[in-house]
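Report on the structure
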Amino acid sequence: MTPDLPNTEYPVPNTSSYWITRFMILRFLGLVYAIAFAVAINQIIPLIGSNGLLPVNNYLELITGALGSKSAGFWRLPSVFWFWHSDTALLTVAWIGFILSCLMLAGYANAIVLAVTWFLYMSFNHIGQEWYGYGWEIQLTETGFLAIFLCPLLDMRPFPRRPTPLPIIVLFRWLICRMMLGAGLIKLRGDEIWRNGTALYYHFETQPIPGPLSRWFHFLPHIFLKIGVWYNWLAEMVAPLFAFWPRIARHIAGIVMIVLQVILILSGNLSFLNWLTIVPALACFDDGFWARIVPKALVRRAQNAEVTAEPSKPMMVTAWVAVCLVGILSIQPVMNMLSPGQIMNTSFDPFDLVNTYGAFGSVGQERMNVVFEGTMDNDSSDNANWKPYIYKGLPVLLDQRPPQIAPYQLRLDWQMWFAAMSTPDDYPWTYTLIEKLLHNDSNILQLFKSNPFNNQPPRYIRAVLYRYWFAKPGNPEGFFWNRERISIWIPPMSIANAQLRTNY
């Protein structure tokens, strides 16, 4: 047991209470929600708007045709956008979600606010198509769903009258356990370089969007990189098993898992994945733990809340119903996790309530990158003056330092990282992207850092596949990257190309 704090003017919180734990979980979740909705505000129109790369209207019509009716589509992919999906609707829902997230972040949340926020974000997940096809999207909906049951129905105060339901805290521990074990098992089964300890020789260079410190991590001595892999095994395969143990073991497990997320935050730009993964890990800590590290004023508020608390039988009954529901829905994810054919980042129910997770089951050993280039010349050969479109996150210019993007997400950049490992026919929206660049579409250009053709659109655009690798620090040119050209990914195209059917 943790000893009492000496010489304090207030009692030490009960080690079996979770007032501060709930406070921390909801504030952190509010931050992640706010970032996720801000991404939608800034990017949803060029991605799935009425004139976007993958218009939502076309997608909903396709689903309706496949399932036979809109009502069937709604129950298969629940979303508010079945009823209203104009560009105005997309932005309105994103702004409502952002405002509710900020309320949560400021300390004001109840079950109603959390339920509405959860449903609004799930609405984007289900119509976002491949732009929202990442594991952390369903991870956010599952985390947000559990958070609904942490709060009273109406009371929005940071420290309401109702105590934190312990069964929901246990469900958060179950979530972090499944997430970490799923990630560990997919690595164990997925790639020899994880098993032999060399995965980090490549990961920092080949990850989707490197960050400012990624090159420093990449050039660490190999022994340190191997230690990093061993620590990853500790955090993903050992620590989760202790999430349900007595408090000292549970606290250590929580710290080990959170430290891994902090390392990943520092070493790359994995969207809000690592920030979100911290949320359920916070459930490993009780108020006795938090009393040692949070401001005394917050501890006093938690203690006062415990003294005046009024337990709610309906709230506890609801919490146990949630436990039963999650228990039943956990059967398939657990069977998947134990299966030799384990798949990762998959939902087994229409509301994404209990899912299976995993990340980087395999690590690429070379970094490929597709760069879109345009020219005003009549000549479309290599002799033309080709100018690149600069991504906001992916490398293009050799002297371009990797930026800090996360926890924000650049959805075009992420999809182009995947696309570079495939062909344009597997990503047909890349032709639509070229079409829009040939018209200097202002919405699409927002997805890039800069437009090399401000005055008038280019005559031709092509996509070139390059291999990139980190330049050693201190090189004479001051480069962060080296690269070599691999092939033409999409040949030069103009607005006259038959493949580009313009709607302008």
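This section reports on the structure supplied with the text. The structure presented is a predicted model; accordingly, all values stated were derived computationally and were not measured.

**Observations concerning the sheet that holds strand β4 (residues 387-388)**
Read across the sheet, 4 strands follow the order β4-β3-β5-β6 without closing on themselves; strand pairing throughout is antiparallel. Only two strands of the sheet have a single partner each, and these edge strands are β4 and β6 (481-493). Relative to β6, strand β5 (residues 460-470) runs antiparallel, the two being bridged by 9 bridges. When the sheet's bridge partners are listed, L465 is paired in β6 with S487. Strand contacts of helix α19 (residues 429-437): β3 (367-375), β5 and β6, with the helix running at about 85° to β6, the strand carrying the most contacts.

**Re the nonpolar core**
Ranked by size, the top nonpolar core spans 135 residues in total, and within it F124 and M416 carry the most contacts. The dominant element in this core, judged by the number of residues it contributes, is helix α1 (residues 19-48), at 16 residues. Counting residues in hydrophobic clusters, the runner-up holds 11 residues, among them I193, A199, F204 and V363.

**Observations concerning helix α4 (residues 87-106)**
Here α4 spans 29 Å end to end across 20 residues, near enough to the 28 Å set by a 1.5 Å rise per residue. Within the sequence span of α4, burial applies to A89, L90, V93, A94, G97, L100, S101 and M104. In an axial view of α4, the angular spread of the buried residues amounts to 135°, which keeps them on one side of the axis. The elements touched by buried residues of α4 are α1 and α5 (111-127). Downstream of α4 by a residue or two, G107 has a phi angle that is positive, lying close to 110°.

**Some words on the state of the cysteines**
The tally for this structure, following the rule as stated, stands at 0 disulfides. You can see C151 has no disulfide; the closest cysteine sulfur is in C102, sitting 17 Å from it. Look at C151 and you get buried, because its relative accessible area is 6%. Free cysteine: C177, not disulfide-bonded; nearest cysteine sulfur from C284 at 9.3 Å.

**Description of the packing of helix α7 (residues 166-190) against helix α11 (residues 222-238)**
For the pair α7 and α11, the least separation of the axes is 7 Å and the interaxial angle reads 125°. For the element pair α7 / α11, the angle class is oblique. When α7 is examined against α11, the residues M180, L181, A183, G184, L185, K187 and L188 are found in contact with a partner set consisting of N232, W233, A235, E236 and M237. Considered class by class, the residues forming the contact of α7 with α11 number 8 nonpolar, 2 polar and 2 charged.

**Looking at the pairing of β3**
Most of β3 is tucked away: 8 of the 9 residues are buried. Examined bridge by bridge, β3 and β5 share 9 bridges and lie antiparallel to one another. Along β5, the bridge assignment pairs M368 with R467. Two elements, β3 and β4, share 2 bridges in a ladder whose sense is antiparallel. Residue pairing across strands places E373 opposite P388, the latter belonging to β4.

**As for the pattern of salt bridges**
For the structure on display, the rule yields 13 salt bridges. One salt bridge in this structure joins R411 and E137, with 2.8 Å as the shortest N-O distance. Of this pair, R411 sits in helix α18 (residues 411-419) while E137 sits in helix α6 (residues 135-148); the two residues are 274 residues apart in sequence, bridging distant segments of the chain. Assessed through its relative accessible area of 1%, R411 is described here as buried. In this structure E137 comes out as buried when scored by relative accessible area, which is 0%.

Cut-offs applied
Residues numbered from 1 in each chain as written. Predicted model: local features only at pLDDT ≥ 70, side-chain atom pairs only at ≥ 80, totals over all residues. Heavy atoms only, no water. Pairing = 2+ DSSP bridges. Helix = DSSP H or I, 4+ residues; strand = E, 2+ residues; numbered from the N terminus. Contact = heavy atoms within 4.5 Å. Axes fitted to C-alpha atoms, helices over the stretch in contact; angles between N-to-C directions. Core = buried A, V, L, I, M, F, W, Y, C linked by side-chain atoms within 4.5 Å. Buried < 20%, exposed > 50% of the residue type's maximum accessible area, 1.4 Å probe, protein only. Expected span 1.5 Å × (residues − 1). Arc of directions from axis to C-beta. Disulfide = S-S within 2.5 Å. Parallel < 35°, antiparallel > 145°, perpendicular 65-115°, else oblique. Nonpolar A, V, L, I, M, F, W, Y, C, P; charged D, E, K, R; others polar. Salt bridge = Lys/Arg side-chain N within 4 Å of Asp/Glu carboxyl O.

By themselves, these are just geometric observations and shouldn't be taken as functional.
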